[in-house]
Every structure is written in C-alpha cells, then in structure tokens.
Amino acid sequence: MTQKTFGQSESRYFYLLVAFGLFIAAMGFGAAHYMEEHGHVVTGMNQQVVWGMPHVFAIFMIVAASGVLNVAAIGSVFGKVAYKGRAPLAGMLSIAMLAGGLAVLMLDLGRPERVIVAATNFNPTSVFAWNLPLYSGLFFFVSLYMWTLLEQRMNHWVKPIGLAVFTWRIILTTGTGLIFAFLVARQAYASAILPPMFLVMSFTWGLAVFHVVQSAMYAWNGKVHDPAILQRMRNLLGIFVIGTLYLVAAYHLTNLYFARQTAFEHFILRDGGIFPCLFWGGYVVFGSLLPLLLIYLPSLGKPRFVVAASLLVILGSFALLYVFIIGGQVFPLSIFPGYEVSSSFGDGQIASYHPSLPEFLLGFGGLAIAFLTTIIGVRVIDSLLPHDAPDRRKDNH
Amino acid sequence: MSDEVNLNRRQFLTKASAAVAGIAIAPGMLLFDFAHGRPLGEPASSTVRWGMLIDTTQCETGCNECVSACSKENGWPEARTSTDVQWIRKVDLKQLSTGRQSSLPMMCQHCAEPPCVDVCPTNASFKRADGIVLVDKHRCIGCRYCMMACPYKARSFVHEPVLDHDSDMPRGKGTVESCTLCVHRVDKGGTPACVEACAKAGHRAILFGDLNDPNSEIYLRIRSVTTSQLRADLGLNPGISFVGL
Ligand code: SF4
Ligand code: SF4
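Predicted model, so just to flag it, every value in this text is computed and none were measured.

The rules behind the values
- Residues numbered from 1 in each chain as written.
- Chains lettered and ligands numbered in written order.
- Predicted model: local features only at pLDDT ≥ 70, side-chain atom pairs only at ≥ 80, totals over all residues.
- Heavy atoms only, no water.
- Helix = DSSP H or I, 4+ residues; strand = E, 2+ residues; numbered from the N terminus.
- Buried < 20%, exposed > 50% of the residue type's maximum accessible area, 1.4 Å probe, protein only.
- Contact = heavy atoms within 4.5 Å.
- Lys, Arg positive; Asp, Glu negative; His and termini not counted.
- Charge placed at Lys NZ, Arg CZ, Asp CG, Glu CD.
- Areas by Shrake-Rupley, 256 points an atom, 1.4 Å probe, with all protein chains shown as cover.
- Patch = residues over 30% accessible without salt bridge, like charges linked within 9 Å, V, L, I, M, F, W, Y side chains within 5 Å.
- Salt bridge = Lys/Arg side-chain N within 4 Å of Asp/Glu carboxyl O.
- Pairing = 2+ DSSP bridges.
- Axes fitted to C-alpha atoms, helices over the stretch in contact; angles between N-to-C directions.
- pLDDT = per-residue confidence, 0-100.
- Near = heavy atom within 4 Å.
- Nonpolar A, V, L, I, M, F, W, Y, C, P; charged D, E, K, R; others polar.
- Core = buried A, V, L, I, M, F, W, Y, C linked by side-chain atoms within 4.5 Å.
- Buried area = accessible area lost by both parts, 1.4 Å probe.
- Polar contact = N/O pair within 3.5 Å; in protein donor to acceptor, adjacent residues only side chain to side chain.

On to the overall build of chain A, then. For chain A, the count of helices and strands is 14 helices and 1 strand. Its C-alpha atoms give chain A principal-axis dimensions of about 75 × 45 × 40 Å. Counting all 397 residues of chain A, 59% fall into the buried class. If you take every contact in chain A between residues at least 6 apart in sequence, the share linking residues at least 24 apart comes to 80%. Distance between charge centres in chain A, computed from 22 positive and 16 negative side chains, equals 13 Å.

Have a look at this one:
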C-alpha cells in the first residue's frame, strides 16, 4: 500500500472510529440521563447494593489510568530508552482513562448536577474528598509531563516531572484503595492489604491496557513491534500478574484468618454462586493463569498472544472488581453477632443485584470517552506513537 | 413485663437523688418529660446529648407501630421493595446459643464518632452539637459513600422521585436520608414519633432523653441496668443503647 492510499483509507477509518466512539459515548450519556430522570430505581442497585456496575467500570479505569503511567515512569525515571518512546502514549492513555472513569463516577451520582458542591465543600476527613485533588493533580502533572516530553526545549525537565508523576500516581492509587480500606464495618473491605493490592493491580491492568492499545495502533499504522521490547514488556506483564495474584491471595488468606470474616470468605470463595464462579473462573483461571501460560510458554511468544493475554487480564480484572465491589455488598453486615436476624431491610440475608442495561451503557460510555480521547489525542499529537522497526532509531536498551 | 419495668424503675428510684425522685412522681411521663425545647435560632447545645435506650424485652415481635409512626411523621412511604427507603425497621432476632427470640427497632444510632460524617465528601452528613446526626438534603450529591461506611445500614438512598413533600422534612430523589431523631419535634421540646407510638401501644420499649443530664431517666437507667451498644467493638459510641441483647 502506498503512503498516500494508506493515508486516505486511514483517515476514513479514523472518522468511522470517532463516529463509533461518539455513538457509544452518547448512549452512555443517554443512560445517565435516563437514570437521573427516573432515579436509581431503573438500575439494579438497591438499598443493600448501593454501588453497582458503574463503579466496577469506573474503578477499573481509574486504577488502570494510574497503572499505565508505569510505562512512562520506567522510561523517564529509570532511564530505559525503550520505554521512553512510549511515555507520551502512556500519558495520553492515563488522561483518557481517568477522564472516562471520573465521568462514570460522576454521572452515577444521585445528584450529578451538584458535583460542584463537592469541589466547594471540602471535608478533610473524607477519603473521597482527598481523591478529588489527587485526580485533578494527576491531570495536571501528566499534562505537564507530556509537554516536557513533546516540547524539545523542555526535555531536560522530563526526569523530575516524571518522578513527580510517578509519586503522585502511587499516592492516588493508595487513595483509591483507602476508599475501601476505611469501611471498617464491612467484612470485605476493612483490610490494610487493600492499598498495596490496588497498587499492584494498577501496574497489571495499566500495562495490559497499554499492550492492547499499542498493538492496535501498530497494526493500524502498519508498524512492527521490536521483538526485544515486546519480550521485556511481556515479562513485565507476567511478573505483575503474579504479583496481583499474590496480593489477592494474601487478602483472602488474612480474611480467612479473622474469625469474623470467615463466613464472608466462604461465601465469596465457595458458596456464593456467581461470585466464586467469577473469582475462580473469571479472575484466577481466565484472567491470570491463562495469560501467564500465553506469556511464558516459549512457543507462544508472538505479539498476538501477548495481546490475547492482555485482553484476558482486562476481562479478569472486571471479574475481580465485580466480586470485590458487588460481592462485598451483597453479604450481610454483621450487626448482631451471635444472633440469627431477619427484617424487611435485608438484615441477615444475601442481597440480590442484577445489573441493568443503563448501568452497562454508562460504563461503556466511560470506556468510549477514554477511547475517543486516546484516538483523537494520538492523531493530533502524532509523536505519541512509539517508533520501533521499521523506522527504528538507535536504542540503547 | 411491666413487673420488670417497675422493678427497674424502683431500682433507679432508690438510687436516684431526692430531686430526681421528686420529678419522677409519674414514671410513665418521664418518657416525654426531658426533651426541653430550645428557642428558634439558637444553636444546638453541646451540653445535651440526645439518645435512646431500647428495651428489647418490651418490644413485641410483629408490632410495627414505631415504623408506621415514623413513616407518617416524616413522609416516607412504608417499604414494599428493596429500593424503598426505611428510616426505621423492625429486626427479629434469634439467639444462636439459646434460641431465645426477640425483636427491636433499628434506626440511625446517632454515633458520637459517626463514620458517615467522616467519609462524606461534601459535609452534607453532619453531627449537631447535641449528638443528632443529619443529612443536609440540599448538599448531598448522592454518592452513597456514607451508606457504605455505616455499620448499621441505617441510611437509605432515595431511588425514585419524591411526590408529596412534608414541610418539616425535605426529601429528594438522589439523596441519602435516615432517622433524624425527629429533630423538628425535639427542638420544640417533643419526643420522636416512634417513642410516642410505642408508648401509646403500651410497650414503652423506647426511652428517649438527654444522655448527659444526670437527672434524666435515660441517664439513670443506663446506670442501673445492663445495656449494650451495637458493634461496640468499633468504638463509635452510638447514642442508642439496648437492654436485653
Ligand atoms: S448509625 Fe450510621 S448513619 Fe447513623 S450516625 Fe452512625 S454511621 Fe451515621
Ligand atoms: S450520599 Fe450524600 S450524605 Fe452520603 S456521603 Fe455522599 S454526599 Fe454525603
């Protein structure tokens, strides 16, 4: 294909993709509007499960947004050139996913139009409130970081700003973990392991998203992966997947150790129907072990297997978040230890939750916002795309 | 059952000072007597801490008077589905070790260290100086973080548009609400609607009053019978205590 015809068809595809993204995003906004008009009664949420599917999407995006910056950090802070070329794309993806995730969180509020209240009435004891400056700070630092990367005169600032971004994102992900860790009364959440668990999850999910997006863009532009770099990033993904597995195991094992939490763990891991299925099948087997196989089996080192592994990791992360967020809420609170309880308000009972279409549409709308931001960003700032072979520059990795 | 009440009353009366004995001429009336009003525009006083003592041995299984009274007083429809709000609910209990059955009304425990207030990003959840925990419905953004944080499931999210408003109690779709301890009545010197309804039904299972006032019946009873707070291990120091748990 000559350069010209590629450019023409590429342009057509680009607008097609933008139109597709806009359509999904519009569906998301439509769903949010519908939810706001009728109230949350049109969702699957109820008085027992107050955070539903939108939170699963939003937390995935926010956690991955922070994790994807790892690729940039390895380049700028630790001076690995192979990663440095990828830093602008990582920065763009981070901003895109953060925007998508926050949009979903905001539109799922009971009163989204009052979001300004959250900005003007700051409660210093609320982890939620802490997260607001953390999120806006991330937007700011990542934008600054991308400027230092893309503007040659600013290049010497890359390292210190990169370090700031890296530190900031660690605090941010810790903050996301703390949102849950501070819920002392809930068996599922009051655990000191949550912040480090979220941190390692963010590394894994961020890298998986990066792999998928990068591969799509390479294929799009007819570029070829540098096998050496692919090899490194693949190994890194493997290590992160193992790290996440380890922390998730530690979280459940410590919970099993505390008598108060045992019943909850049995529910999540064994008796809870959909939840053990999603945990073992979705997260452990399809979201972790299978990707590890694809990553480490020597005969399977091809780029498309790495992409497949990354996609599985992403799907597995949704399974894990569903178990964590929804499973943690459907299990009854222990208000009267030593008693069997019942009431009209679901005391002592496993609550039910069936996610509804508007919730999914809102979630996908958030992904569409991230998608649109990324493809438009990449097109506008052409140099976001890492250049390996064929037009490969000297690389001292 | 009234024997037990009288016994407890007698116990506390013997321990109480002469002044208290003077006020306690009509024991039943004490349930309502200590809620003194405060002038309009004056802030709630931190010398007062409103609270309740719920006697599960007096609460009747199947009785729903407190719930109906609250629903009527505060204008929320009695629950039919899992998305409906419930400011107060009846919980039936069976002790696992003995099989003993009991029943109690469950509502916001008006914690001294309320996690709902700690986590609220907008300060919509707040605690008044007199210990009553409230939600400012005009400030709540409906994030539901307080519902996640409350150990007692005391809060409800309004899932549907609110059709009929009560001027005393603004309510709105997309915000969170819970027991206000009938603050509008208490501020006028009254008692919560549930307390009144329970007494009217002849159970007198809920005692309301100022936990800080050494002369109040609730103060004296808490010091004369074994009481417990729910999930005391969490250290939140709820304003609601229970007898017989
Ligand atoms: S019982 Fe729940 S809603 Fe009431 S003050 Fe305590 S934490 Fe807040
Ligand atoms: S739902 Fe309302 S009251 Fe509860 S934490 Fe959020 S803003 Fe505060």
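The next point concerns the overall build of chain B. Scanning chain B for helices and strands turns up 9 helices and 10 strands. Within chain B, the fraction of its 245 residues that count as buried is 58%. Counting contacts in chain B only where the partners sit at least 6 residues apart, residues at least 24 apart contribute 60% of the total. For chain B, the computed accessible surface area is about 9900 Å², with 53% contributed by carbon and sulfur atoms.

Take a nonpolar patch on the surface next. All names here are of chain A. A contiguous nonpolar surface patch, about 500 Å² in accessible area, is contributed by Val285, Phe286, Leu289, Leu290, Leu293 and Leu297. Looking at the secondary structure, you find Leu297 in the loop between helix H12 (274-296) and helix H13 (303-330). Judged by relative accessible area, Leu297 falls into the partly exposed class, the value being 38%.

Right, let's get into the side chain of Thr244 of chain A. For Thr244 of chain A, the position within the fold is in helix H10 (residues 227-257). A residue is classified by how much of its surface remains accessible, and Thr244 of chain A, at 3% relative accessible area, is buried.

A word on the sheet that holds strand S2 (residues 88-95) of chain B. The 3 strands lie next to each other as S1(A)-S2(B)-S3(B), forming an open sheet whose pairing is antiparallel. The outermost strands of the open sheet, each flanked by one partner alone, are strand S1 (339-343) of chain A together with strand S3 (101-107) of chain B. Sheet twist, expressed as the average angle between the axes of neighbouring strands with direction ignored, equals 30 degrees. As paired strands, S1 of chain A and S2 of chain B are joined by 5 bridges and run antiparallel to one another. Bridging across to S2 of chain B, Tyr339 of chain A finds its partner in Gln95 of chain B.

A few words on the confidence of the model for chain B. Residue and element names in this part refer to chain B. Of all residues in chain B, 82% attain a pLDDT of 70 or more, and the chain-wide mean is 85. Under a pLDDT of 50 for its full length, residues 1-36 has, in the predicted model, 51 contacts with residues more than four places off or in other chains. Our summary of model confidence lists the complex with pTM equal to 0.88 and ipTM equal to 0.89.

Another aspect to go through is the site of ligand 1. The environment of ligand 1 is formed by 13 residues, the closest being Cys108, Gln109, Cys111, Cys116 and Cys150 of chain B. The class makeup of the residues in the shell around ligand 1 is 10 nonpolar, 2 polar and 1 charged.

Before going further, it helps to examine the sheet that holds strand S9 (residues 227-228) of chain B. Residues and elements named next belong to chain B. Taken together, the 4 strands give an open sheet; going across it, the order is S8-S1-S10-S9, and neighbouring strands pair in mixed fashion. A strand with exactly one partner marks an edge of an open sheet, and here the two such strands are strand S8 (206-210) and S9. Examined bridge by bridge, strand S1 (residues 50-55) and S8 share 5 bridges and lie antiparallel to one another. Looking at S8, one finds that Ile54 is bridged to Ile206. Each of S1 and S8 is contacted by helix H8 (residues 193-200), which is oriented at about 140 degrees to S8, the strand it contacts most.

Moving on, we come to the site of ligand 2. Inspection of the region around ligand 2 gives 13 residues, with Cys120, Cys140, Cys143, Arg144 and Cys146 of chain B positioned closest. A class-by-class count of the residues in the shell around ligand 2 yields 8 nonpolar, 3 polar and 2 charged.

Trans is the common state for peptide bonds, and a negative phi is the common state for residues other than glycine. All names here are of chain B. Within the chain, His110 stands out as a residue other than glycine whose phi angle is a positive 45 degrees. A positive phi angle, close to 65 degrees, is found at Asn123, a residue other than glycine. Looking at where Asn123 falls in the secondary structure, it is placed in the loop between helix H5 (115-119) and strand S4 (125-127).

Phe180 and Phe336 of chain A together with Tyr145 of chain B are the most contacted members of the largest nonpolar core, which has 185 residues in total. Considering each element in turn, this core owes the most residues, 14 residues, to helix H9 (residues 194-221) of chain A. Excluding anything up to four places from it in sequence, Phe336 of chain A contacts Val341 of chain A together with Val91, Leu93, Leu104, Met106, Leu230 and Leu245 of chain B.

Contact residues are listed per partner, giving 55 residues for chain B and 52 residues for chain A. In this assembly, chain B packs against chain A so that about 4600 Å² is buried in total across both faces, 55% of it on carbon and sulfur atoms. Counting the surface chain B buries against chain A, the share from its top three residues, Tyr145, Met148 and Lys153 of chain B, is 18%. Taken together, chain B and chain A are joined by 3 salt bridges. Measuring nitrogen to oxygen at the nearest pair gives 2.5 Å for the salt bridge that ties Asp347 of chain A to Arg89 of chain B. On inspection of chain B and its partner chain A, the count reaches 37 residue pairs in polar contact (both at pLDDT 80 or more).

Another point: the environment of Val306 of chain A. All names here are of chain A. By the secondary structure assignment, Val306 is in helix H13. Judged by its relative accessible area of 2%, Val306 is buried. Separated by 93 residues in the primary sequence, Val306 and Val213 have C-alpha atoms spaced 12 Å apart.

What follows deals with the confidence of the model for chain A. Residues and elements named next belong to chain A. Model confidence for chain A is summarised by a mean pLDDT of 87, while 90% of its residues fall at 70 or above. In the predicted structure, residues 1-6 sits below a pLDDT of 50 and forms 3 contacts with residues beyond four places in sequence or in another chain. Per-residue pLDDT stays below 50 along residues 389-397; that stretch engages in 16 contacts with residues further than four places along the chain or on separate chains.

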